[in-house]
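# Inside the fold
What follows is each chain in one-letter form.
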Amino acid sequence: MPQLGLLPRKAWVALLSQILRPPHAACPRAVRFHSQVAEAVLTSQLKPNQEKSNFIIKTPKGTRDLSPQQMVVREKILDTVVSCFKRHGAKGLDTPAFELKETLTEKYGEESVLIYDLKDQGGELLSLRYDLTVPFARYLAMNKVKKMKCYHVGKVWRRESPTIAQGRYREFCQCDFDIAGQFDPMIPDAECLKIMCEILSGLQLGDFLIKVNDRRIVDAMFAACGVPESKFRAICSSIDKLDKMSWKDVRHEMVTKKSLAPEVADRIGDYVQRHGGVSLVEQLFQDPRLSQNKQVLEGLGDLKLLFEYLTLFGIAEKISFDLSLARGLDYYTGVIYEAVLLQTPNQAGKDSLSMGSVAAGGRYDGLVGMFDPKGHKVPCVGLSIGVERIFSIVEQRMKVFGEKVRTTETQVFVATPQKNFLQERLKLIAELWDAGIKAELLYKNNPKLLTQLHYCENMGIPLVVIIGEQEMKEGVIKLRSVASREEVAIKREHLVGEIHKRLSDS
């Protein structure tokens, strides 16, 4: 049907009503029906055009595409992370991108409002996974696994306000490492911190610091300061914002929004602004408010032991016992930690500043028991690497230094200087592929040699093999170095061996 236009909408409705008008004898109901048909026909013609004119091609808020250049950088980051996990004996694991809504509820405290809920799908209420920890705990409980060391890489979703410049998205990738099982205290925890140090050092992101605390100390500190138990998680969530907000703003939130008494907030402030090493652990053993609490003594004892192991691992200087670290998620039960990148005084113009969290984790001994029908617990500890934040930092650094990235791994390009050599090129490239060599050619029957060589230079391909009439007569292939432009004739039967030799020498 032709598109409607030029005449006003009412005029088109009237015209269509006349065309579709029923006989004079028709009842009023039939008249109304034909008017409705006319209106529907008009709407079906106009609405697509209206929608099309308003449609903007874009990615959803808080998401992004990754270009081939960005994918190269991302894959290098993931390779560094996963290689470290495997070096420490972890097995791979994967879980669905969405879970039953009930699986995720009451696991994240105040952050539960950020979970993406899906529409009813065949009688199941579902939600996109918020992190990889809860699905891992569900997997352990469902399969009755009591001991496991694994890694898990996947996307997660959070319905929060994205800050793209800081690498905060609604859809992002996490890399998790977890140890499940009953073991002697602090040995798995120390290994998790060692892994964080290895990954952050391997990625060469600059100076970093790992803050540690213990959830038992946090809870006992709240109790000793006079925080009602019903407000523990809410106040914990506020304290967790100290890496983004000043103490003044966090105090204001606790007093005005969470109805905490000002004097209680001030007592909390005396603690959460303290940080140090083993010496701070020793000081808290003598603290009159905290030293009477059994949970605090257990937590301090574990931290003291943890620092002993970290010293043996040679990473104690990278660790800070920080009482402001709270980790707002509900499932943490013991040691918690968070890695932040630091600006040097030269970069910041003053004292070292935190550039935000790039990795975090802790002990969650009760989470698996929440899924087990009999409540059987499986102690767990783990860490999560924030790939998007790290990617943003690496990307910014590459722009500053003007670093270029190869988007392919092609090692050899198959070229010809003459026409009608497509069949020979196809036979030759098949030989290279079968020998495990990464090779390309142009998808043209008769490409110009200069075009082919320019392609190699632009793509960073190191070697070119050239076949033409002369080479066919002599039973050789020309092997050209793109960088030096030197060419040598190689017998065809020796070509693969020579290419492997050159690639291994480079």
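Residues numbered from 1 in each chain as written. Predicted model: local features only at pLDDT ≥ 70, side-chain atom pairs only at ≥ 80, totals over all residues. Heavy atoms only, no water.

### Describing the overall build of the protein chain
Our working definition: Comment: elements are numbered from the N terminus, with helices defined as DSSP H or I runs of at least four residues and strands as E runs of at least two. Think of it in three bands: with a 1.4 Å probe and only protein chains considered, a residue is buried below 20% of the maximum accessible area for its type, exposed above 50%, and partly exposed in between. It only takes one pair of heavy atoms within 4.5 Å for two residues to be counted as in contact. Residue burial considers only the protein chains on display, and all accessible areas are found by Shrake-Rupley using a 1.4 Å probe.
Across its full length, the protein chain carries 18 helices and 16 strands. Here the protein chain holds 506 residues, and 44% of them are scored as buried. Intrachain contacts of the protein chain at a sequence separation of at least 6 include 67% that bridge at least 24 residues. Summed over all atoms, the accessible surface of the protein chain reaches about 27,200 Å², with 54% contributed by carbon and sulfur.

### Description of the packing of aromatic side chains
Defined as follows: Pairs were defined over the aromatic rings of Phe, Tyr and Trp, the Trp ring being its six-membered one, requiring ring centres within 6.5 Å. Orientation was assigned from the angle between planes: stacked under 30 degrees, edge-to-face over 60, tilted for the rest.
Using the criterion set out here, one finds eight aromatic pairs in the structure. With a centroid separation of 5.5 Å and 35 degrees between ring planes, the pair formed by Phe85 and Phe177 is classed as tilted. Of the two residues, Phe85 is situated in helix α3 (residues 68–87) and Phe177 in strand β5 (residues 171–180); the sequence distance between them amounts to 92 residues. As far as the burial class goes, Phe85 and Phe177 line up, both buried.

### Regarding the environment of Phe285
When you line up the elements, Phe285 lands in helix α11 (residues 278–285). Contacts of Phe285, omitting those with residues within four sequence positions, involve Ser291, Leu297, Leu300, Gly301 and Lys304.

### Overview of the side chain of Thr416
Let me state the cut-off plainly: Definition of a polar contact: a pair of N or O atoms within 3.5 Å, with one able to donate and the other able to accept a hydrogen when the atoms are protein atoms, and with sequence-neighbouring residues admitted only if both atoms are side-chain atoms.
Secondary-structure assignment places Thr416 in the loop between β12 (412–415) and α15 (422–434). At 2.7 Å, the side chain of Thr416 forms a polar contact with the backbone oxygen of Ile467. With sequence-adjacent residues up to four places away left out, Thr416 is seen in contact with Phe421, Arg425, Pro447, Leu449, Gln452, Ile467 and Gly468.

### Brief notes about the nonpolar core
Side chains of a nonpolar character, in soluble globular proteins, are inclined to be buried together. Spelled out, the test is: Here, nonpolar core means buried Ala, Val, Leu, Ile, Met, Phe, Trp, Tyr and Cys residues that are tied together by side-chain atoms lying within 4.5 Å of each other.
The biggest cluster of nonpolar side chains holds 77 residues, and the ones touching the most others in it are Phe85, Ile210, Phe222, Ile239, Ile268, Phe321 and Tyr337. Per element, the largest residue contribution to this core is eight residues, and it comes from helix α6 (residues 187–202). Excluding residues within four positions of it along the chain, Ile268 makes contact with Phe222, Cys225, Val227, Ile235, Ile239, Trp247 and Leu260.

### Some words on helix α14 (residues 387–401)
Put simply, the test is: Expected span of a helix: the number of residues minus one, times 1.5 Å.
Between its first and last C-alpha, α14 extends 21 Å over 15 residues, near the 21 Å set by a 1.5 Å rise per residue. Within α14 the residues assigned to the buried category are Val387, Glu388, Arg389, Ile390, Phe391, Ser392, Ile393, Val394, Glu395 and Met398. Gly402 sits one or two positions beyond α14 and adopts a positive phi of about 65 degrees.

### Observations regarding the confidence of the model for the protein chain
Condition: The pLDDT value tells you how sure the predictor is about a given residue, anywhere from 0 up to 100.
Scored by pLDDT, the protein chain comes out at a mean of 88, with 86% of its residues at no less than 70. pLDDT under 50 marks residues 348–354. Its contacts with residues more than four places away, or in other chains, come to twelve contacts.

### Some details on unusual backbone geometry
Of note, the phi angle at Glu106 is positive, near 60 degrees, even though the residue is not glycine. Note on placement: Glu106 falls in the loop between α4 (101–104) and β3 (126–128). Here Glu106 falls in the exposed class, since its relative accessible area comes to 68%. Even without being glycine, Asn420 reaches a positive phi, approximately 60 degrees. Assignment of secondary structure puts Asn420 in the loop between β12 and α15.

### A look at the packing of helix α7 (residues 215–225) against helix α10 (residues 262–272)
We apply this condition: Here the axes come from fitting lines to C-alpha atoms, over the contacting stretch only for helices, and the angles between their N-to-C directions go from 0 to 180 degrees. If an angle is under 35 degrees, it is roughly parallel; if it is over 145, roughly antiparallel; if it lies from 65 to 115, roughly perpendicular; otherwise it is oblique. Left-handed describes a crossing whose near helix is turned anticlockwise from the far helix by less than a right angle; the clockwise case is right-handed. Any residue outside Ala, Val, Leu, Ile, Met, Phe, Trp, Tyr, Cys, Pro, Asp, Glu, Lys and Arg is labelled polar, Gly included; the first ten of those are nonpolar and the last four are charged.
Contact geometry for α7 and α10: axes closest at 9 Å, N-to-C directions at 140 degrees. Judged by the angle between their axes, α7 and α10 are oblique. Regarding α7 and α10, the two cross each other, and that crossing is right-handed. Of the residues in α10, those touching α7 at Met221, Phe222 and Cys225 are Val264, Arg267, Ile268, Tyr271 and Val272. Looking at the contact of α7 with α10, its residues break down into seven nonpolar, no polar and one charged.

### Regarding the pairing of strand β14 (residues 463–466)
As a reminder, the rule being used: Only strands joined by at least two bridges in the DSSP assignment are considered to pair.
Of the two faces of β14, the one holding Leu463 and Val465 and the one holding Val464 and Ile466 are both buried throughout. Here four bridges tie β12 to β14, and the two strands are oriented parallel to one another. By the bridge assignment for β14, Val412 is matched with Leu463.

### Description of the sheet that holds strand β15 (residues 476–481)
Strand order across the open sheet formed by five strands is β13-β12-β14-β15-β16, with mixed pairing between neighbours. At either end of the open sheet lies a strand with only one pairing partner, and these are β13 (439–440) and β16 (487–491). Relative to β16, β15 runs antiparallel, the two being bridged by five bridges. Looking at β16, one finds that Leu479 is bridged to Val488. Taken strand by strand, helix α16 (residues 449–459) contacts β12, β13, β14 and β15, and its axis lies near 175 degrees from that of β12.

### Points about the pattern of salt bridges
Inclusion rule: A carboxyl oxygen of Asp or Glu within 4 Å of a side-chain nitrogen of Lys or Arg is what we treat as a salt bridge.
The tally for this structure, following the rule as stated, stands at 30 salt bridges. Salt-bridge contacts for Arg251 lead to Asp266; the nearest nitrogen and oxygen are separated by 2.7 Å. With Arg251 in helix α9 (residues 247–257) and Asp266 in helix α10, the pair connects residues that are 15 residues apart, well separated along the chain. Given the relative accessible area of 36%, Asp266 is considered partly exposed. What you see here is one network of salt bridges that share partners, running through Arg64, Arg74, Glu388 and Glu395.

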